[in-house]
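Summary of structural features
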Amino acid sequence: MSIQFKSIADLREMLDDKSISASELIQESLELAKKYKELNCFVTMNEEFSVKKANAIDVNKKTSSRLSGIPLAQKDLFCTEGLRTTCSSKILSNFIPPYTATAVKKLEDAGSITIGKTNMDEFAMGSSNETSFFGNVHNPWKKGYVPGGSSGGSAAAVAAGIVPAATGTDTGGSIRQPAAHCGITGLKPTYGRISRWGMIAFASSLDQAGPLARTAEDCAILLNTMSGHDAKDTTSLNSNVPDFLENINQPIDGLKIGLIKEFNLSDLDSQVQARFEESKKAYEKLGAQFIEVSLPNISASVPTYYSIAPAECSSNLSRFDGVRFGHRAESTDDLNDLYIKSRSEGFGDEVKRRILIGTYALSAGYYDAYYKKAQQVRRLIKNDFDNAFQSVDALMTPTSPNTAFKFGSKGTQNPVELYLEDLFTISSNLAGLPAISIPHGQVNSLPVGLQLIGNFLREDQLLNAAHIFQKNSDYHLAKPNLGDF
Amino acid sequence: MDQETVRTICYLARLEIDENKSEKIQKDLETIIDLIGSLQTIDTSDVEPLYSPLEMTALMHEDIEKSDNKKEKFLENAAASNEDYFLVPRVVE
Amino acid sequence: MSWETVIGLETHVQLSTKTKLFSRASTAFGASPNTNVNLIDCGLPGVLPSVNKEAFYKAIRFGMAVGAQINQTSIFDRKNYFYADLPKGYQITQMDLPIVIGGSIEIIIDELTKTINITRAHLEEDAGKSIHDEFEGFSAIDLNRAGTPLLEIVSEPEISNAKEAVAYMKAMHQLVTFLDVSDGNMAQGSLRCDANVSIRKKGDKELGTRTEIKNINSFKFIEKAINFEIKRQIKILENGEKVVQETRLYDSSKDETRPMRSKEFANDYRYFPEPDLLPVIISDEEIQKIRDEFPELPKEKEIRYQQEYGLTAYDAQIIASSKSMADFFETALQKTKNYTLLSNWLIGEISAYLNKQQIEINESKLSADKVAMLINRIDDQTISGKIGKSIFEEMCTNGSSPDEIIKSQGLEQISDDGAIEEIILTVINENPTQVEAYLAGKDKLFGFFVGQVMKLTEGKANPKAVNSILKDKLK
């Protein structure tokens, strides 16, 4: 029986009732990765180690964990000891980390098997996975179309059924948006829920790791394992991690869902809008109540984000100087020349743009007008959310203003065009709030995503609402044809 | 955004832009700056900046040694190193 | 033309914590290159800092000692620039909200006290070390020092000359060592000084253009560097020219300052709050604990030594002024009750020896226990003070214990009256001429007889006993 497109829950059953062994499962997963190589989901495979670990699990026979023997793909932003980690950048194309990210270590300690590192937008900067040094990732639903970004490789690997789940990171929508474009489920947890130790930093106050999977339930399984305070990351929450599966089946009668007044949905593609209205009705049928709420500053989210994220990244990426690791230019005159050439050769254009903008926003004379101003507006946006959550439990928006688009069709002339893809997702990163994207149909054969934003630490509520929707619909069961690959 | 400013921020960031790309980059930067400049219209008087979404304070650690040094691996990753040091082109102070 | 010098000093104090400011790598001096380097210190992708609370406690102790305001909420900022020994491409420091604000240090010049105010003191991480001349064509980077906690203390520009600058640094050294904040070793780099020097016409309110002098690593060089710079600037101004604002290095071999290699662009450090670290809050309880456990400072020791141990004010002041000396004294006190003799030895023989060797007492082979033993042996008359001095010499060279030396060389004082009387009688019998001369009135010959007794006893006869018995026998 093929493992392709199976969820973690499905695979667990198959492993437990011995209809498949861990070794067979891993073999198949690795073969699927090879078969669909054209998708370009993976940057580095971990074949030898995966087979060894699967064998060991079969020999050991004790499987106390849900994740034991489950193949996972890890976004190439997470350091994995001994396994190349590139952030899809030339500057790290030869980097072998001497340690493993906490989030990944937790998954591996729980018995999961990392079959490879997934392709992404370079240093997580992008919304289409078109900036990778290793080439674009294809959307499994349509060749030559973007999977979304920056966690495009992870989303595509899950959507194509190569792995049941993968890790991603979300700074402005980089888990949710590719999940939407690829027809799968993706969750960005509360900021601080998952440790950032070993997660190569893009924008420190915005980055969060999270799961991409076929179902909300599988996301909960991963979230349970990945979450928790880490002394090595002092920005990780010191709160208790609830069991996110515990109340996932609760009926959602009386769930109050807010619709954001300032997001004028009539500006969207009419079909995308139609899907949104349909899902709203579906939720109403399930017992949810919709209330209009106002978040007066939310339209400022995109400019706010694009002041803060580049500023933080311009500093975070200074360590890529060719001295201790990564690409170093040859034949340089002196130290400064080494820096300039190594970095200019090693970084792609989008990364350079963001570093330059960030440097500018922090520079003397501009700091107050750009960086500080943005952090002030950020507080206003957060306050707006806090206010809204006085009267609602969650907020609902489309994940993305449109569906996946053709390679090269957005942002080539004007980078801001791509930035506006993040319109609905970015604000939750600014406020540190959890948010989930679930598939809710297709427009022109391409998946459309529905987003729910939750209150601080309320991933349980989001997972519950998403799961109930999925129990009563079959959008998440749709599979891409993959005939072109 | 004038040439001088672009040169300065390129130097601060230790980046150089190809001749043939420099005009587009400058234009891109101007577009992005316009985007982020739009925040000027929002009234933020008396608003405290929000540097982190966590309303938390730092947990500090005890002054007890715990090494995770991997000297060989650190030096191995460098483009130029010997058995003890990272090496860079000679710096004259 | 009457000129006035204005000096402000920036002192970097390396804190004596066991581990670094943001990682738990050791700060031990002299480790093999790149071994005291944790993942964080290497600036690897994905690493995050975590704050060492002991560094804060030491900084707060300093703040309390100088009467400064302690900011119970402080934050860290990033200072962005590129250099080979700065692994992350930014230094984590404190810009807007440092841990300590204000305070002052008193210096004494020619018996006059002057107060130098402190602007602020903040915590920051040290950079690694670059070695430029060991490998042909390369500079070598050692990150052992990267991440070590520094307390940067900025003085107001209230210092008027080189002597005051030295006095300030010496006061700083004394303070940080007594507070157990740092070992204050200038030669090893745990106490560093950058001097900002400017000249203006006497009476002018505005400050002249200042230069920053770096790379001064001894008290002696502070004085020389500043004096050179003052002369240099005055000469420029007297020629009607302008002083260039720049950073200069002090070259001790040539005794001059020269400009650092000029940079193409002035550095814009683009400070912003460190997003990987949340604000640090020090609780009232922690503040109280630091106050409660506050170490004794020189002035208090001076008073206590006089009151509890009967030392003279002069002696107390000398012993209390050096932490290593004070610690030595206090340890030795556990083992001997003859405080006066102990302090005499410390200030006399021991200090003379240390000065000659140019070392501190804790760098010598002397131990407080063994010196206390020596004092006791002199005090209980096992040996004479003179023998004590020769034993001391051996203790300095070998670090051996007085009892061992006394035993192995048979140096016990002869105090038995009978034995001494016998020897005295021998001397008297063998020197009849001198005896006659003495009895005839040549009192000075008394010393001759004492000498003879000492010669026969190899210096071991108890001088008191010799004196009294000799007087008796020479009647």
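What counts as what
- Numbering of residues starts from 1 in each chain and follows the order in which that chain's sequence is written.
- Here the convention is simple: chains get letters from A, ligands get numbers from 1, in the order in which they are written.
- Since the coordinates come from a predicted model, pLDDT governs what is reported: local features require at least 70, and pairs of side-chain atoms require 80 or more to be given and counted, while whole-chain, interface and lining totals use all residues.
- In DSSP terms, a helix is any run of H or I states spanning at least four residues, a strand is any run of E spanning at least two, and both are numbered starting from the N terminus.
- Our exposure labels follow a C-beta count within 10 Å of each residue's own C-beta, placed from the backbone: buried means 20 or more other C-beta atoms, exposed means 12 or fewer, and partly exposed covers the counts in between.
- At least two bridges found by DSSP between two strands is the condition for calling them paired.
- Look down the strands so they point away from you; if the path from the first strand over the helix to the second goes clockwise, the crossover is right-handed.
- Note on contacts: each residue gets a C-beta atom placed from the backbone, and two residues are in contact if those atoms are within 7 Å.
- Classification convention: Asp, Glu, Lys, Arg as charged; Ala, Val, Leu, Ile, Met, Phe, Trp, Tyr, Cys, Pro as nonpolar; all other residues, Gly among them, as polar.
- Here an axis means a line fitted to C-alpha atoms, over the contact stretch when the element is a helix, while the angle between two N-to-C directions is reported on a 0 to 180 degree scale.
- Between 65 and 115 degrees an angle is taken as roughly perpendicular, under 35 as roughly parallel, over 145 as roughly antiparallel, and anywhere else as oblique.
- Here a crossing is called left-handed whenever its near helix is offset anticlockwise from the far helix by less than a right angle, and right-handed whenever the offset is clockwise.
- Starting at the helix axis, one direction is taken to each C-beta atom, and the arc is that of these directions.

Some words on the overall build of chain B
Across its full length, chain B holds three helices and one strand. Starting at the N terminus and walking to the C terminus, you meet the elements of chain B as α-α-α-β. Judged by the C-alpha coordinates and their principal axes, chain B covers about 55 × 45 × 25 Å. Going through the 93 residues of chain B one by one, you find that 26% of them count as buried.

With respect to the sheet that holds strand 4 (residues 77-80) of chain C
A sheet is described by the order of its strands in space; here three strands give the open sequence 5-4-16 (chain C), paired in antiparallel fashion. Among the strands making up the open sheet, the edge pair consists of strand 5 (90-93) and strand 16 (272-273) of chain C.

Quick look at the pairing of strand 3 (residues 113-118) of chain A
All names here are of chain A. For strand 3, a buried count of six out of six residues is recorded, marking the element as mostly surrounded by other parts of the structure. In this structure, strand 1 (residues 42-45) lies alongside strand 3, joined through three bridges in antiparallel fashion. Among the inter-strand pairings, T44 is bridged to a residue of strand 3, identified as K117. As defined by bridge partners, strand 2 (residues 71-75) adjoins strand 3 across five bridges and the pair is classed as parallel. Bridge pairing in strand 3 links P71 to I113. The parallel pair strand 2 and strand 3, bridged by helix 4 (residues 102-109), forms a crossover whose chirality is right-handed.

With respect to the interface of chain C and chain B
The partner chain B presents 33 residues to the 40 residues of chain C that form the contact. Class assignment of the residues belonging to the side of chain C that touches chain B gives a composition of 21 nonpolar, 12 polar and seven charged. Direction of pairing for strand 1 (residues 86-89) of chain B relative to strand 10 (residues 138-142) of chain C: antiparallel, over a ladder of four bridges. Its bridge partner lying in strand 10 of chain C, V88(B) is registered against S139(C).

Considering the interface of chain A and chain B
Facing 55 residues of chain A, the contacting portion of chain B comprises 39 residues. Among the elements of the structure, helix 9 (301-316), helix 10 (335-346), helix 11 (349-362), helix 12 (368-391) and helix 13 (415-419) of chain A are those that each provide at least two residues to the side of chain A that touches chain B. Ranked by residue count, the leading element in the side of chain A that touches chain B is helix 12 of chain A, at 11 residues. Considering only residue class, the side of chain A that touches chain B consists of 26 nonpolar, 18 polar and 11 charged.

Some details on unusual backbone geometry
All names here are of chain A. Omega for the peptide link from G149 to S150 comes to 10°, which places this bond in the cis form. Relative to the helices and strands, S150 resides in the loop between strand 3 and helix 5 (152-159). The phi torsion at N444 lies on the positive side, around 55°, for a residue other than glycine. The topology assignment puts N444 in the loop between strand 10 (435-443) and strand 11 (446-454).

Brief notes about the sheet that holds strand 2 of chain A
Residues and elements named next belong to chain A. The strand order across the open sheet formed by 11 strands is 1-3-2-4-6-5-10-11-9-7-8, and the pairing between neighbours is mixed. Edge positions in the sheet fall to strand 1 and strand 8 (289-293), since each has one partner strand and no second. Taking each pair of neighbouring strands and ignoring which way they run, the sheet shows an average axis angle of 30°. For strand 10 and strand 11, the ladder comprises seven bridges, and the chain directions are antiparallel. Paired with P439 across the bridge in strand 11 is G449. Of the strands in this sheet, strand 1 and strand 3 touch helix 3 (residues 47-60), which is tilted by about 160° from strand 3. Against the sheet, helix 12 touches strand 7 (256-260), strand 8 and strand 9 (394-398), its axis set at about 145° to strand 8.

Considerations on the packing of helix 8 (residues 339-357) of chain C against helix 9 (residues 368-379) of chain C
Residue and element names in this part refer to chain C. Here helix 8 crosses helix 9 at 120°, and the two axes come no closer than 10 Å. Viewed along their axes, helix 8 and helix 9 adopt a mutual orientation that is oblique. Where helix 8 crosses over helix 9, the handedness of that crossing is right-handed. Counted together, L341, L342 and W345 of helix 8 and V371, I375, I378 and D379 of helix 9 form the full contact between these two elements. For the contact of helix 8 with helix 9, the per-class residue count stands at six nonpolar, no polar and one charged.

Let's talk about the pairing of strand 2 of chain A
All names here are of chain A. The element strand 2 is extensively covered by neighbouring structure, given that five of its five residues are classed as buried. Two elements, strand 2 and strand 4 (residues 165-170), share two bridges in a ladder whose sense is parallel. Looking across to strand 4, one finds that L72 is bridged to A165.

Looking at the environment of N117(C)
Within the secondary structure, N117(C) sits in strand 8 (residues 112-125). Residues within four places of N117(C) in sequence aside, it is in contact with S104(C), E156(C) and E158(C).

Description of helix 11 (residues 402-409) of chain C
All names here are of chain C. When helix 11 is considered as a whole, its buried residues turn out to be P402, I405 and I406. For helix 11, the arc enclosing every buried residue in end-on projection is 100°, short of the 170-degree limit, so these residues lie on one face. Among the exposed residues of helix 11, those pointing more than 90 degrees away from its buried face are K407 and S408. Close packing links the buried residues of helix 11 with helix 9 and helix 10 (385-398). Count one or two residues on from helix 11 and you reach G410, which has phi positive near 55°.

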